[in-house]
Amino acid sequence: VNHQGVVAQQAMISYQELETLILSIQEKGETPLLVMLDGVTDIRNMGAIARTAECMGAHGLIVPRQGAAPVNADAMKTSAGALEYLPICREKNLVDSVMMLQAYEIQTVASTEKASEEIYHQDLTKPTCIIMGAEDKGISSQLLKRVDILAKIPLQGKIESLNVSVAAGMMMAEVARQRG
C-alpha cells in the first residue's frame, strides 16, 4: 500500500482541564476525590497509583506538566488500563491548582511524615484532594505551605517510609472507609 509519506501519531490519553473536571463532578452530584502527584516521576508508581485511584472511585489525577511520569505504554500496562478511564489533569502550577481546589471547597490533604496528625483523625467525607510527593523529596515546601491539612500514615516498624504508590493506596482506602 502506498502510504504517501504520511504518519499519524495519537496520544495515549487526552488530558482534561482541572476546572472542567471539578464542574463535571459537581454536576453529577458526587463528592470529589482527586489525587495530586507532586514530582512522582516513576512510571510504575504513576501507573499503580492510577490503578488504585480508579478502583477506589477517585475522579481524577492531577500532575504537573513538568517533572511528572509520562503516560506511556509502561504506565498504561502498570495501571491495568485505569489510565484509559481515569481523567488526568496536567497543570502548569500545582500551587495554583491547590488554590483552585480550595476555591471550589475541595479540601487539600498532604500526606507527609512531617505531620503531627494521623490520616485516621481527618474528616475525609468532605470533597478531598489527596496530595502525594515523590519518594526522595516528598511534597514541595510551596505546596505544604498552601494545603489545608497535613496528615501522616502511622508507621510501626523500623523503616520510616512507604513506597508512594502504597502510601497513596492507604490514603485512598481511608477515604473509601470513611465514605463507606
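Description of the structure in this document. (Residues numbered from 1 in each chain as written. Predicted model: local features only at pLDDT ≥ 70, side-chain atom pairs only at ≥ 80, totals over all residues. Heavy atoms only, no water.)

Observations concerning the sheet that holds strand β3 (residues 88–91)
Taken together, the 6 strands give an open sheet; going across it, the order is β3-β2-β1-β5-β4-β6, and neighbouring strands pair in parallel fashion. Lying at the two open borders of the sheet, with one neighbouring strand each, are β3 and β6 (149–151). In this sheet, neighbouring strand axes are inclined to one another by 25° on average, regardless of whether the strands run parallel or antiparallel. Relative to β6, strand β4 (residues 107–111) runs parallel, the two being bridged by 3 bridges. When the sheet's bridge partners are listed, Ala110 is paired in β6 with Leu150. Across the sheet, helix α4 (residues 94–103) lies against β1 (33–38), β2 (60–64), β3, β4 and β5 (128–133), angled at about 165° from β1, the strand it touches most. (Pairing = 2+ DSSP bridges. Helix = DSSP H or I, 4+ residues; strand = E, 2+ residues; numbered from the N terminus. Axes fitted to C-alpha atoms, helices over the stretch in contact; angles between N-to-C directions. Contact = heavy atoms within 4.5 Å.)

Description of unusual backbone geometry
At Ala80, a residue that is not glycine, the phi angle is positive and equals roughly 55°. As for its position among the elements, Ala80 is in the loop between α3 (73–78) and β3. Classification of Ala80 as exposed rests on a relative accessible area of 52%. Positioned with a positive phi, Glu105 is a non-glycine residue whose angle comes to about 60°. Relative to the assigned elements, Glu105 resides in the loop between α4 and β4. (Buried < 20%, exposed > 50% of the residue type's maximum accessible area, 1.4 Å probe, protein only.)

A closer look at the packing of helix α1 (residues 18–27) against α4
Across the interface, α1 lies against α4 with an axial gap of 11 Å and an inter-helix angle of 25°. The angle between α1 and α4 falls in the class roughly parallel. The two elements α1 and α4 meet at a crossing, and its hand is right-handed. Within the contact between the two elements, α1 uses Leu18, Glu19 and Ile22 and α4 uses Ser97, Met100 and Leu101. Looking at the contact of α1 with α4, its residues break down into 4 nonpolar, 1 polar and 1 charged. (Parallel < 35°, antiparallel > 145°, perpendicular 65-115°, else oblique. Left-handed = near helix turned anticlockwise from the far one by under 90°. Nonpolar A, V, L, I, M, F, W, Y, C, P; charged D, E, K, R; others polar.)

Quick look at a nonpolar patch on the surface
A surface patch of nonpolar side chains, about 370 Å² in accessible area, is lined by Tyr120, Leu155, Leu162, Val166 and Met170. Mapped onto the elements, Leu162 comes out in the loop between β6 and α6 (164–179). (Patch = residues over 30% accessible without salt bridge, like charges linked within 9 Å, V, L, I, M, F, W, Y side chains within 5 Å. Areas by Shrake-Rupley, 256 points an atom, 1.4 Å probe, with all protein chains shown as cover. Salt bridge = Lys/Arg side-chain N within 4 Å of Asp/Glu carboxyl O.)

Some remarks on the side chain of Gln102
Along the chain, Gln102 falls in helix α4. Side-chain polar atoms of Gln102 contact the backbone oxygen of Arg146, separated by 2.9 Å. Other than its neighbours up to four places away in sequence, Gln102 contacts Thr108, Arg146, Val147 and Asp148. (Polar contact = N/O pair within 3.5 Å; in protein donor to acceptor, adjacent residues only side chain to side chain.)

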